[in-house]
Amino acid sequence: RVLRGRPRDLAGRKVVVSAGGTREAIDPVRYIGNRSTGLQGYALARTAVARGAEVTLVAANVALPDPAGARVVRVESTAELRAAVLEAAGSADVVVMAAAVADFRPATRRDEKIKKTDGEPDPIYVTKNPDILAELGERRRQAAAVAGHSVVGSGDGASRGAGPGSGAELGPGDGALTGGIPGDGVLAGEVPGSGGVGGRVGPRVIVGFAAETHDVLANGRAKLERKGCDLLVVNKVGEGLAFGTPDNAATVLVAGGDPVEVPLGPKEDLADTVWDLVAARLS
Ligand code: CTP
Ligand code: CA
């Protein structure tokens, strides 16, 4: 499929796209994973390149060739995906989280292959992974607060760590201050380049994807708000829809705007609709 006739409306913009699905090791040979193939994320990366963007593609376990013109970072686990996305997000204008991120990982990773025995196997306990998309939204909100922009929300997760790209690691749900005095308005880790009002406050546009099997729109709207993103692409999964197919149908929920319906068609068409909406928010 030849990509042509596209506006160069993302020229000079840095975008980060995550694609594929993360895997969480149970033992050296087994993992918890999902059915994502990375097709939608790769379509987003290709179309963004075609529209002039500088693209970083963070690919989790994708068996597809690297899209021409994109910088590709290959990762396996959610921890690796998170590190790569936050690093790249530090200087990005747009982040699109198209990856299917494992919600849970085994609480412990066995160093040796689990052997079959005569008895029943031990249960595998799981623990929650950090929510990367929510973290991006929260970091932006915090950075905006530091830069003196208006803050939305209640400040529950206040000053929970360093800015994107600082390399700091935070566990999920650790709401602790790592520096600064509560209420003094200082983030423990400054966002690189946040020079006060008008400075960088994180990606200007954050896009999430939502895989829903039921109550698709209601769940999607709640997710958009919970994660603090600007756009949320909601598609119905299961029954042969979306995963591993070249086509997709979706509703794009827009913060502060009307939803946009994208009829069943090539994943590139959905990608272009996303970039149309992103470009409109950037200009
Ligand atoms: N996501 C993320 N980190 C996670 C889980 C999800 O960044 N640990 C991102 C996905 O990349 C996607 C969006 O959040 O862009 C929504 O993912 P989804 O699985 O639909 O939402 P969850 O919040 O995990 O809710 P649930 O699976 O319970 O519906
Ligand atoms: Ca999930």
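Residues numbered from 1 in each chain as written. Chains lettered and ligands numbered in written order. Predicted model: local features only at pLDDT ≥ 70, side-chain atom pairs only at ≥ 80, totals over all residues. Heavy atoms only, no water.

**Q** I'd like a rundown of the UniProt feature "binding site: CTP" (unreviewed entry) in the chain, residues and numbers included.
**A** Within the UniProt annotation, "binding site: CTP" (unreviewed entry) is assigned to Asp103, Lys113, Pro130, Asp131, Ile132, Leu133, Phe209, Lys223 and Lys227. Sequence-wise these annotated residues cover 125 residues; spatially they are dispersed, their C-alpha atoms as much as 37.4 Å apart. Secondary-structure assignment places Asp103 in the loop between strand 6 (94–97) and strand 7 (104–106). Not counting chain neighbours up to four residues away, the residues in contact with Asp103 comprise Thr127, Lys128 and Asn129. (UniProt positions renumbered as here; feature names shortened; annotations may be inferred. Helix = DSSP H or I, 4+ residues; strand = E, 2+ residues; numbered from the N terminus. Contact = heavy atoms within 4.5 Å.)

**Q** I'd like a rundown of the site of ligand 1, residues and numbers included.
**A** Residues in contact with ligand 1 amount to 15 residues; listed here are only the nearest, Met97, Ala99, Leu133, Lys223 and Lys227. At 3.0 Å from a nitrogen atom of ligand 1 is found a main-chain nitrogen or oxygen belonging to Ile132. Take Phe209: an N or O atom from its main chain is 2.9 Å from an oxygen atom of ligand 1. For ligand 1, the accessible surface in isolation is 570 Å², of which the surrounding protein chains cover 78%. Counting residues per element, the ones that place at least two in the shell around ligand 1 are helix 3 (132–146), strand 9 (205–212) and helix 4 (216–227). (Near = heavy atom within 4 Å. Polar contact = N/O pair within 3.5 Å; in protein donor to acceptor, adjacent residues only side chain to side chain. Areas by Shrake-Rupley, 256 points an atom, 1.4 Å probe, with all protein chains shown as cover.)

**Q** Summarise the packing of helix 1 (residues 39–50) against helix 5 (residues 267–282); cite the residues concerned and give the values.
**A** Interaxial distance between helix 1 and helix 5 falls to 8 Å at its minimum, and their mutual angle equals 55°. One way to sum up the angle between helix 1 and helix 5 is to call them oblique. Considering how the two elements wind past one another, helix 1 and helix 5 form a crossing that is right-handed. Touching Leu39, Gln40, Ala43, Leu44, Arg46, Thr47 and Ala48 of helix 1 are Lys267, Glu268, Leu270, Ala271, Asp272, Val274 and Trp275, all from helix 5. (Axes fitted to C-alpha atoms, helices over the stretch in contact; angles between N-to-C directions. Parallel < 35°, antiparallel > 145°, perpendicular 65-115°, else oblique. Left-handed = near helix turned anticlockwise from the far one by under 90°.)

**Q** Account for the pattern of salt bridges, naming residues and giving values.
**A** Across all of its chains, the model carries 14 salt bridges by this definition. In this structure, the salt-bridge partner of Arg74 is Asp66, at a minimum N-O distance of 2.7 Å. Classification of Arg74 as partly exposed rests on a relative accessible area of 45%. Under the relative-accessibility criterion, Asp66 is labelled partly exposed at 46%. Arg141 is paired through a salt bridge with Glu138; the nearest N and O atoms lie 3.2 Å apart. Note that Arg141 and Glu138 are positioned in helix 3 at a spacing of three residues, about one turn of the helix. We note that Arg141, like Glu138, is buried. (Salt bridge = Lys/Arg side-chain N within 4 Å of Asp/Glu carboxyl O. Buried < 20%, exposed > 50% of the residue type's maximum accessible area, 1.4 Å probe, protein only.)

**Q** If you had to explain the side chain of Thr22 to someone new, which residues and values would you point to?
**A** Tracing the backbone through its elements, the reader meets Thr22 in the loop between strand 1 (14–20) and strand 2 (24–27). At a separation of 2.7 Å, a polar atom in the side chain of Thr22 contacts the main-chain amide nitrogen of Ala102.

**Q** Just give me the short version of the packing of helix 2 (residues 78–89) against helix 3, but keep the residues and values in it.
**A** Put simply, helix 2 and helix 3 touch, their axes get as near as 11 Å, and they point 30° apart. Of the possible angle classes, the one that applies to helix 2 and helix 3 is roughly parallel. For the crossing formed where helix 2 meets helix 3, the hand is right-handed. Mapping the contact onto sequence places Thr78, Leu81, Arg82, Val85, Leu86 and Ala89 in helix 2 and Ile132, Glu135, Leu136 and Arg139 in helix 3. Residues that form the contact of helix 2 with helix 3 fall into these classes: six nonpolar, one polar and three charged. (Nonpolar A, V, L, I, M, F, W, Y, C, P; charged D, E, K, R; others polar.)

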